[in-house]
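Residue-level listing of the chains:
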Amino acid sequence: EVQVVESGGGLVQAGGSLRLSCVASGFTFDDYAIGWFRQAPGKEREGVSCVSNSDGSTYYRDSVKGRFIISSDNAKNTVYLQMNSLKPEDTAVYYCAADRLVQDFNPGYYCSGYGLGNPTWGQGTQVTVSS
């Protein structure tokens, strides 16, 4: 069974850091893209950062550039999202999604949501940033 499991969320003060993990199983890790998406109360889901596990290409939405870092550890079948300098507006449920890579994969398009194919979603992990 294709599966991804998120962990690492929690409650932090503004300016703090968290590292989220997305552990994958049931598929060939290098053949997939992984995206981090988030959804805050009353808002639509938005792509945060996405990566190709094959060539390592990445995308970050403008609001997290310079603060967040996505990385893939292929040996552990895990994608991390290191979140630094957290702001209250980062508060959301964070989800990871896994999709088979396509030949002309573009991580920005994938992170827009329109590039999602037949995604496998994790259960989500809550990130709360206090003022």
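**Comments concerning the packing of aromatic side chains**
Describing an aromatic ring pair means giving the distance of the ring centres and the angle of the ring planes.
Logical step 1: Under the defined criterion, the tally for this structure stands at five aromatic pairs.
Logical step 2: In textbook terms, an aromatic cluster arises when at least three aromatic residues are bridged by ring pairs, as seen for F37, Y95, F105, Y110 and W121.
Logical step 3: Between the NZ or CZ atom of R19 and the centre of the ring of Y80, over which it lies, the distance is 4.3 Å.
Logical step 4: In this structure, R45 is placed above the aromatic ring of F37, and the distance from its NZ or CZ to the ring centre is 5.6 Å.

**A few points about the environment of V129**
Logical step 1: One can find V129 in strand β11 (residues 125-130).
Logical step 2: Given the relative accessible area of 5%, V129 is considered buried.
Logical step 3: For the pair V129 and G10, spaced 119 residues apart in sequence, the C-alpha to C-alpha distance is 8.4 Å.
Logical step 4: What V129 contacts, discounting residues up to four positions off in sequence, is V12, Q13, A14, L86, K87, P88, D90 and T91.

**Re the pairing of strand β7 (residues 68-73)**
Logical step 1: Here β7 runs beside strand β8 (residues 78-83); their pairing, made up of six bridges, is antiparallel. Each residue of the ladder has a partner; that of I69, found in β8, is Q82.

**Some points on the environment of S130**
Logical step 1: Looking at the secondary structure, you find S130 in strand β11.
Logical step 2: We classify S130 as partly exposed; its relative accessible area is 26%.
Logical step 3: Separated by 115 residues in sequence, S130 and G15 have C-alpha atoms that sit 9.4 Å apart.
Logical step 4: In this structure, S130 is in contact with V12, Q13, A14 and P88, ignoring residues within four places of it in sequence.

Cut-offs applied
Residues numbered from 1 in each chain as written. Predicted model: local features only at pLDDT ≥ 70, side-chain atom pairs only at ≥ 80, totals over all residues. Heavy atoms only, no water. Phe/Tyr/Trp six-rings, centres within 6.5 Å; stacked < 30°, edge-to-face > 60°. Lys NZ or Arg CZ within 6 Å of the ring centre and 35° of its normal. Helix = DSSP H or I, 4+ residues; strand = E, 2+ residues; numbered from the N terminus. Buried < 20%, exposed > 50% of the residue type's maximum accessible area, 1.4 Å probe, protein only. Contact = heavy atoms within 4.5 Å. Pairing = 2+ DSSP bridges.

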